[in-house]
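Summary of the model geometry
For reference, the chains in residue letters:
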Amino acid sequence: MQKPPPANEIIKQGLWLENPVLKHTLGICSTLAVTNLLVNTLVMNIGLIFTLTLSCATVSILRNVTPMRIRMMVQTLIISSYVIIFDIVIKAYIPDISEALGPYVGLIITNCIIMGRCEAFARNNPPWPAFLDGLAVGAGFSLVLFAIAVVRELLGFGTLFGFMVMPEGFTPWTIMIMAPGAFFMLGIYVWIVRSFTMQFNK
Amino acid sequence: MTNIDPATLFFAAIFTNNILLTNFLGLCPYLSISRNLRSAFGLGAAVVFVMTFTAALNHLMYYQVLIPLKLDHLQYIIFIIIIAAFVQLVEMTVERYFPALYYILGIFLPLITVNCAILGASLFMVIREYTLIQSMAYGAGSGIGWMMAITAVGAIREKIQKSGMVPKGLEGPGITLLITGILSLAFMAFSGMIQIQ
């Protein structure tokens, strides 16, 4: 078995070098949908990081006793258990947001990043690095979604976290709060980041 | 309980409430498999089939088993297990009895378990309280809507690839997302024709 990479390496990889959204465009399905309001994005990201870190740690703890053939099923069950816990908690404490997020909380289960990290990293590494890896990848993912949500809420409603920040007489860009806005924003971010990395690598 | 005619629901799921273009579901396979028309179509067809039947199965499971037993908070786990089991079953059946079909769909079937659109359709069905018939109509409509979107993008990407005019940084997912945005805008023209929540 190879040694797990050092902590700072894991963090650098997760946050930037292997950023799941910008480099692989993975796992955006369920989360992109809630980026029209910062509050929703925040809750969704917390849910994702919670599920991702704990699932990675659990998969890693169980890595030596999980039969190879059924590992995907075991991973799915672990992930869904954490999502259910998160769902019950937000239903109890912040019912309004839970209502607004609707089915998207449950869809964290099929978020490809979680499965991807379990398969690619947690399965072969001890629990602590796996936990850290989940945290770093989750944070990298959240950062990008925040960047999208800030632009969408600012231009779409003229607010940030519900507070009016745009001057009087600002016309909201309705397109930003609808689906195309999210696709365009993400497309543009991916474009910018790729162009920069290409220049940098030259 | 919503009283929408299943046929209306079917068309609404394709055009006005397209699961990919308005609800962002199933984006991962959409971005990675849409490189050419052929595979896009194969995956799309598999999704239509699986989505229709898992929506029905999950509906039966939810209302006949989970609600009477008061286990509805376990819906996520149960739904994902049903989807995984169904996909496995279909894969084995198709491989055994329809080798020609397996040749087209085979490699796409395992990918479907982790397609958020499938689980999404089942969750929407529970939240909007559809009946069994409505769920099947919604599942089939969503599947076809998804297939239309991925096929369209597959074809457009094939053309763009040949033109070779895309800036370097925009190649791959970047350009696909921008095209999807435009497609999504186009589909917004349908909104207002039929309204479902």
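Refer to the structure above for everything that follows.
So, a few notes on the structure that sits alongside this text. (Residues numbered from 1 in each chain as written. Chains lettered and ligands numbered in written order. Predicted model: local features only at pLDDT ≥ 70, side-chain atom pairs only at ≥ 80, totals over all residues. Heavy atoms only, no water.)

What to know about the overall build of chain B
Looking only at helices and strands, chain B has nine helices and zero strands in total. When the elements of chain B are put in sequence order from the N terminus, they spell out α-α-α-α-α-α-α-α-α. Relative to the compact-globule value of 16 Å for 197 residues, chain B shows a C-alpha radius of gyration of 17 Å, a close match. When the backbone C-alpha atoms are referred to their principal axes, chain B occupies close to 60 × 45 × 25 Å. (Helix = DSSP H or I, 4+ residues; strand = E, 2+ residues; numbered from the N terminus. Rg over C-alpha atoms; globule rule 2.2 N^0.38 Å.)

Focus: the overall build of chain A
Counting its regular elements, chain A contains nine helices and two strands. For chain A, the α and β elements follow one another from N to C terminus as α-α-α-α-α-α-α-β-β-α-α. Dimensions of chain A, computed from C-alpha atoms along their principal axes, come out at roughly 60 × 50 × 25 Å. Across the 202 residues of chain A, 50% fall into the buried class. Sequence separation of 24 or more characterises 75% of the internal contacts of chain A that already satisfy a separation of 6 or more. When the accessible surface of chain A is split by element, carbon and sulfur atoms take 70% of a total near 9,500 Å². (Buried < 20%, exposed > 50% of the residue type's maximum accessible area, 1.4 Å probe, protein only. Contact = heavy atoms within 4.5 Å. Areas by Shrake-Rupley, 256 points an atom, 1.4 Å probe, with all protein chains shown as cover.)

Digging into the pattern of salt bridges
Residue and element names in this part refer to chain A. What the rule picks out here adds up to four salt bridges over all chains. When the shortest N-O distance is used, the salt bridge between Arg117 and Asp133 registers 3.0 Å. Separated by 16 residues along the polypeptide, Arg117 in helix α6 (residues 112–120) and Asp133 in helix α7 (residues 127–157) bring together distant segments of the chain. In this structure, Arg123 engages Glu119 in a salt bridge whose closest nitrogen and oxygen atoms are separated by 3.5 Å. One salt-bridge network, held together by shared partners, links Arg71, Glu119 and Arg123. (Salt bridge = Lys/Arg side-chain N within 4 Å of Asp/Glu carboxyl O.)

Examining the side chain of Arg157(B)
Residues and elements named next belong to chain B. Its location among the elements puts Arg157 in helix α8 (residues 132–163). Here Arg157 falls in the buried class, since its relative accessible area comes to 9%. Residues in contact with Arg157, not counting those within four places in the same chain, are Leu31, Ser34, Arg35, Gly172 and Thr176.

Details of the nonpolar core
With 106 residues, the main nonpolar core has Leu27(B), Tyr30(B), Ile112(B) and Trp146(B) as its most contacted residues. Tallying contributions element by element places helix α4 (residues 75–97) of chain B first for this core, with 11 residues. (Core = buried A, V, L, I, M, F, W, Y, C linked by side-chain atoms within 4.5 Å.)

Some words on the packing of helix α3 (residues 37–66) of chain B against α4(B)
Residues and elements named next belong to chain B. Between α3 and α4, the least distance of the axes is 10 Å, while the angle of their chain directions is 135°. When the axis of α3 is compared with that of α4, the two are oblique. Taken as a pair, α3 and α4 cross one another with a handedness that is right-handed. On the side of α3, the interface is formed by Phe49, Val50, Phe53, Thr54, Leu57, Asn58, Met61, Tyr62 and Leu66, while α4 contributes Gln75, Ile78, Phe79, Ile82, Ile83, Phe86, Val87 and Val90. Residue composition of the contact of α3 with α4, by class: 14 nonpolar, three polar and no charged. (Axes fitted to C-alpha atoms, helices over the stretch in contact; angles between N-to-C directions. Parallel < 35°, antiparallel > 145°, perpendicular 65-115°, else oblique. Left-handed = near helix turned anticlockwise from the far one by under 90°. Nonpolar A, V, L, I, M, F, W, Y, C, P; charged D, E, K, R; others polar.)

Things to note about the packing of aromatic side chains
Residue and element names in this part refer to chain A. Scanning all chains against the criterion turns up 14 aromatic pairs over all chains. Residues Trp128 and Phe131 carry aromatic rings whose centres are separated by 5.9 Å and whose planes lie at 15° to one another, so their mutual orientation is stacked. On the criterion of helical spacing, the pair formed by Trp128 and Phe131 is a turn pair, its members being three residues apart in helix α7. Three or more aromatic residues joined by ring pairs form one cluster here, namely Phe50, Tyr82 and Phe86. (Phe/Tyr/Trp six-rings, centres within 6.5 Å; stacked < 30°, edge-to-face > 60°.)

Some details on the interface of chain B and chain A
Listed by partner, the interface residues are 40 residues for chain B and 39 residues for chain A. Taken over both partners, the interface formed by chain B and chain A buries close to 3,300 Å², and the fraction arising from carbon and sulfur atoms is 84%. At the junction of chain B and chain A, the tally comes to zero salt bridges. Our enumeration of links across chain B and chain A arrives at two residue pairs in polar contact (both at pLDDT 80 or more). Secondary structure elements with two or more residues in the side of chain B that touches chain A: α2 (27–33), α4, α7 (116–127) and α9 (173–188) of chain B. With 10 residues, α9(B) is the single largest residue contributor to the side of chain B that touches chain A. When grouped by side-chain class, the residues that make up the side of chain B that touches chain A number 27 nonpolar, 11 polar and two charged. (Buried area = accessible area lost by both parts, 1.4 Å probe. Polar contact = N/O pair within 3.5 Å; in protein donor to acceptor, adjacent residues only side chain to side chain.)

Side note on the packing of α7(A) against helix α9 (residues 179–201) of chain A
Residues and elements named next belong to chain A. Viewed as axis vectors pointing N to C, α7 and α9 meet at an angle of 130°, and their least axial separation amounts to 10 Å. Classified by the angle their axes make, α7 and α9 are oblique. α7 and α9 meet at a crossing whose hand is right-handed. In this structure, α7 uses Ala147, Ile148, Val151 and Arg152 to contact α9, whose residues at the interface are Gly181, Ala182, Met185, Leu186 and Tyr189. Tallied by class, residues from the contact of α7 with α9 come to seven nonpolar, one polar and one charged.

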